[in-house]
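Residue-level structure breakdown
This is what each chain is made of:
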Amino acid sequence: MPVTPGRPRVGPRTGVRVGTALAACAALLATACSGTTRGEEDDEAGAADPAASADPSAPIEEGLSVAFLPKQVNNPYFTVANEGGRAAVEEFGGEYKETGPSEASASSQVSYINTLSQQQTDVIAIAANDPGAVCGALEGARSAGARVVTFDSDSDPGCRDLFVNQATAEGIARTQVELISEQIGGEGQIAVLSATPNATNQNAWIALMEEELEKPEHAGIELVTVAYGNDEDEKSFQETQGLLRSYPDLAGIVSPTTVGLAAAARYLSGTEYRGEVALTGLGTPNQMREFVADGTVEAFALWNPADLGHLAAWAGAALASGRITGAEGETFTAGDLGEFTIEADGTVVLGPPTVFTEENIDDYSF
Amino acid sequence: MAHDTLRARPRDPRAAGAGGGRAGALLRRWDTAVVLALVAVVVGAALLVDGFATGRNAEFLLLDAVAIGLVALPVTLIVVTGEIDLSVASTLGLCSAVMGQLWLSGWPLELIVPAAVALGAVLGAVNGLFVTGFGLPSLAVTIGTLAAYRGLAFVVLGDRAVADFPGDWTDAAISTVPGGALPWAMVATALLAAGFGVVLHATPFGRELFALGSNAEAARFSGVAVRRHKFWLFVACGAVSGLAGVYWTLRYASARADNGEGLELAVVAAVLLGGVSIFGGRGTLLGVCAGVLLLGALRNALQLADVPSDTLDIVTGSLLIVSVVAPNAVARLRARRTRARPPSGPGAPGAPAPGRRPSPAPPSGERNP
């Protein structure tokens, strides 16, 4: 299963669902996660005291054991992210390990977290399959002395030290609007090709794109419709065809999902619309390379998963070495990626998505 | 051929309840072998794998085994009758989703829990109705409901997760007996297992289940209420799957439509590894309990030894195949040896062992595929 920004399972990272989940979880945390009932955890809890003060000049500890726990092993997206993590761990001289379930179900990560906790792992970097289901196990691991960094998909905020977010919903929406606006010259009809009608993250991005389009500088752009390809290649292909038939004056299509973007590009590249109708969205360089080469797509975006893993590993090392505690406003350096500041709710944002064009696409392979 | 296989049967390593007083016969029994394998894995892992022999790890291992263990109990009884229920994990998921939805709509958990179990029983009754009422093969029926119940779960809850269950309930699901690494949930599972064990091995009903699995026609002629027995087994299986759904939801503090996805395979693996014949008619609940713990311990130890999850799946799958193939292979081997050295006198392998299978059904031939 390819990881696509459009699939709901892959990342409830934005929007309404996260909002409600967080609200719900806050309530849960107040009752369940904060006070554990298992006595033996409390003896070791001192190690994970969030009130400890940070020492920004503390050296990165040597030989930190860092484990990456993706949603699912053998998933190309997480393979790239974890490789970024491995590179970072080698930079600071730690021990890298990847572990995880072969299927991305809600609770499948729990026994792996428990195992890492048993193995006295210093840093756990996890992309949570479910914000709540991993919570108890993560709490246990923290009590046993581990520092927990979530990346790509957050757990309940109370169960981890930091969340490394690949991009904010606002950043994604703004980048999409900027890209399409540039490509159609700031004027004309556009359509969105989304995943499923109930994909929370997609809907959040689309809503923010609509807000962005209301700004005066985008007055010439009209969003005529949102089509749904259900993240299926065939359906997305047909929907693209349908869009062009229904809206003969269509100037551009935005598809913020990797499946949709690739299918739309395949359709356009085989028709007279190639180069005439602009296409952009979220996709992976490997998927889009040929369409950038043949002129169907000028530019598209996605965060770089390797950077995401890199940042997660450094964040974990900074935590485990006492450079940061996870409090808002603290800063730390993540190797070549530079300096990052911890924002509200213990979140670190990687930055705006990387824009891929003809010039830079060959620098990436994922 | 029938004669040869009949001769082999008393020495069949899966023969339940064989050779009461003889240590040799006891050792040859499949469930004894599974118990020994369990002990070997636990001792081996304790010596070789860092972090295995700790209270916390035992707690993790047992918590992970509860859901599989629960569902394996009724599935054992169903497989003994020669049927199967593959919809258990989807039943678990649907009950979990409904639990979440009811919680969202403001029901108290005191009502939700029995409602979830009752729903499980209803879902099991649907299976039972199709199998016994319409005479359809349970494999086909429960593969159908496997998909249908999972689909319904997504209709009920979508891809949402309901996580705001009260802390004292979710804590109760993972709490342990004071001072020990033994989760209360495992104590409850063990009690339920004892109950199922008594039903299967010490009641006329249980004996009739074995008879039914050996030869349904013969059992019917002997007056066994074949259809009614099977129907109620499916109802019980659904109810226990619902209960497992309640446990799952509270343990992970997360009601989701995809909860327990794929669990049916682990359950069937544990049941077969525990020595229940997939063709019905034989098996013990003790063997199944050992099978559940063996798979759990193996998984836990291999995870601690940093064996990748793909390899882990291969190990589980291989064990499953071995547990289906080995007893048949051993039986055939023995049959060949017996033929070479003709038996004499009473109690020899040729004669049916009295009391070995306390069933009203006449002995049937080895049910080779």
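What counts and how
Residues numbered from 1 in each chain as written. Chains lettered and ligands numbered in written order. Predicted model: local features only at pLDDT ≥ 70, side-chain atom pairs only at ≥ 80, totals over all residues. Heavy atoms only, no water. Axes fitted to C-alpha atoms, helices over the stretch in contact; angles between N-to-C directions. Helix = DSSP H or I, 4+ residues; strand = E, 2+ residues; numbered from the N terminus. Left-handed = near helix turned anticlockwise from the far one by under 90°. Nonpolar A, V, L, I, M, F, W, Y, C, P; charged D, E, K, R; others polar. Pairing = 2+ DSSP bridges. Salt bridge = Lys/Arg side-chain N within 4 Å of Asp/Glu carboxyl O. Buried < 20%, exposed > 50% of the residue type's maximum accessible area, 1.4 Å probe, protein only. 1 Å grid on protein atoms, 1.4 Å probe; cavity = no way out; pocket = protein on both sides within 12 Å on 5 of 7 lines; lining within 4 Å. Points joined across faces, edges and corners; volume = space filled by probe spheres on them. Patch = residues over 30% accessible without salt bridge, like charges linked within 9 Å, V, L, I, M, F, W, Y side chains within 5 Å. Areas by Shrake-Rupley, 256 points an atom, 1.4 Å probe, with all protein chains shown as cover. Lys, Arg positive; Asp, Glu negative; His and termini not counted. Charge placed at Lys NZ, Arg CZ, Asp CG, Glu CD. Expected span 1.5 Å × (residues − 1). Contact = heavy atoms within 4.5 Å. Parallel < 35°, antiparallel > 145°, perpendicular 65-115°, else oblique. Disulfide = S-S within 2.5 Å.

Packed helix pairs are characterised by how far apart their axes lie and by the angle those axes make with each other. Residue and element names in this part refer to chain B. Put simply, helix H6 (residues 109-133) and helix H12 (residues 226-251) touch, their axes get as near as 6 Å, and they point 150° apart. Crossing geometry of H6 relative to H12 is assigned as right-handed. Taken together, the residues of the contact of H6 with H12 sort by class into 13 nonpolar, eight polar and two charged.

Bringing the sheet that holds strand S8 (residues 250-255) of chain A into the picture now. Residue and element names in this part refer to chain A. Here four strands make up an open sheet; going across it, the order is S7-S6-S8-S9 and the pairing parallel. Each of the sheet's edge strands pairs with one partner strand only, and the pair in question is strand S7 (221-228) and strand S9 (278-281). Ignoring which end each strand starts from, the neighbouring axes of this sheet average 25° apart. Bridge count for strand S6 (residues 188-194) against S8 is four bridges, and the pairing is parallel. Bridge pairing links Gln189 to Leu250 in S8.

A few words on the pattern of salt bridges. Under the defined criterion, the tally for this structure stands at 18 salt bridges over all chains. Here Asp306 of chain B and Lys97 of chain A are joined by a salt bridge, their closest N and O atoms 3.0 Å apart. With Asp306 of chain B in the loop between helix H14 (285-304) and helix H15 (309-340) and Lys97 of chain A in strand S2 (residues 95-98), the pair connects residues from two separate chains. Taking relative accessible area as the criterion, Asp306 of chain B reaches 40% and is therefore assigned partly exposed.

For the largest pocket, the calculated volume is near 1000 Å³. As for the largest pocket, its lining consists of 47 residues, of which Glu103 of chain A together with Ile68, Leu263, Ala266 and Arg299 of chain B are closest to the centre. Of all elements in the fold, only helix H4 (110-118) of chain A together with helix H4 (55-80), H12, helix H13 (263-273), H14 and H15 of chain B reach the threshold of two or more residues within the lining of the largest pocket. By residue class, the composition of the lining of the largest pocket is 23 nonpolar, 17 polar and seven charged.

Turning next to a negative patch on the surface. All names here are of chain A. A cluster of acidic residues, Glu170, Glu210, Glu211 and Glu214, forms a negative patch at the surface. For Glu210, the position within the fold is in helix H7 (residues 200-213). Relative accessible area serves as the criterion here: at 36%, Glu210 is assigned to the partly exposed category.

The next subject is the environment of Pro178 of chain B. Note that Pro178 of chain B resides in the loop between helix H8 (167-174) and helix H9 (184-202). For the pair Pro178 of chain B and Gly158 of chain B, spaced 20 residues apart in sequence, the C-alpha separation works out to 39 Å.

All names here are of chain B. Relative to the 24 Å expected for 17 residues at 1.5 Å per residue, helix H5 (residues 88-104) spans 24 Å between its end C-alpha atoms, a close match to the ideal helical length. Across the 17 residues that make up H5, a large majority, 14, are buried. With its phi angle positive at about 95°, Gly106 sits one or two positions after the end of H5.

Our next topic: the environment of Lys230 of chain B. Residues and elements named next belong to chain B. Turning to its location among the elements, Lys230 is positioned in helix H12. Lys230 gets classed as buried once you look at its relative accessible area, which sits at 11%. For the pair formed by Lys230 and Val288, sequence separation is 58 residues and the distance between their alpha carbons is 20 Å. The contact partners of Lys230, leaving out residues within four places of it in the chain, are Thr81, Glu83, Thr132 and Leu212.

Moving on, we come to the packing of helix H9 (residues 258-269) of chain A against helix H10 (residues 285-293) of chain A. Residues and elements named next belong to chain A. As a packed pair, H9 and H10 sit with axes 10 Å apart at the nearest point and diverge in direction by 20°. Comparing the axis directions of H9 and H10 gives the class roughly parallel. Our pair here, H9 against H10, has a crossing hand that is left-handed. Residues Thr258, Leu261, Ala262, Ala265, Arg266 and Ser269 of H9 form the contact with H10, whose participating residues are Gln287, Met288 and Phe291. Residue composition of the contact of H9 with H10, grouped by class: five nonpolar, three polar and one charged.

Time to look at the state of the cysteines. Throughout this description, disulfide means a covalent bond between two cysteine sulfur atoms. Summed over all chains, the structure comprises one disulfide over all chains. The residue that forms a disulfide with Cys135 of chain A is Cys159 of chain A, at a sulfur-sulfur distance of 1.6 Å. With Cys135 of chain A in helix H5 (residues 135-143) and Cys159 of chain A in the loop between strand S4 (147-151) and strand S5 (162-165), this pair connects stretches of sequence that are 24 residues apart. Accessibility assignment for this pair places Cys135 of chain A and Cys159 of chain A in one class, buried. A disulfide-free cysteine, Cys237 of chain B has its sulfur positioned 11 Å from the sulfur of Cys95 of chain B, the nearest such atom. Under the relative-accessibility criterion, Cys237 of chain B is labelled buried at 0%. In this structure Cys289 of chain B is not part of a disulfide, and its nearest cysteine sulfur, from Cys237 of chain B, lies 15 Å away.

What follows covers the environment of Leu304 of chain B. Mapped onto the fold, Leu304 of chain B is located in helix H14. For Leu304 of chain B, a relative accessible area of 6% gives the class buried. Expressed as a C-alpha distance, the spacing of Leu304 of chain B and Pro327 of chain B, which sit 23 residues apart in the sequence, is 31 Å. If we ignore the near neighbours within four places in the chain, the residues touching Leu304 of chain B are Thr115, Gln118 and Gln119 of chain A together with Val49, Asp50, Gly51, Phe52 and Asn57 of chain B.

Residue and element names in this part refer to chain A. For S4, the tally of buried residues reaches five of five residues, placing the bulk of the element in the interior. Residues Arg147, Val149 and Phe151 line one face of S4 and the alternating positions Val148 and Thr150 line the opposite face, and both faces are buried. Alignment of strand S3 (residues 123-126) against S4, held across four bridges, turns out to be parallel. Counterpart to Ala125 in the pairing with S4 is Val149.

Just distances and angles here, no functional claims.
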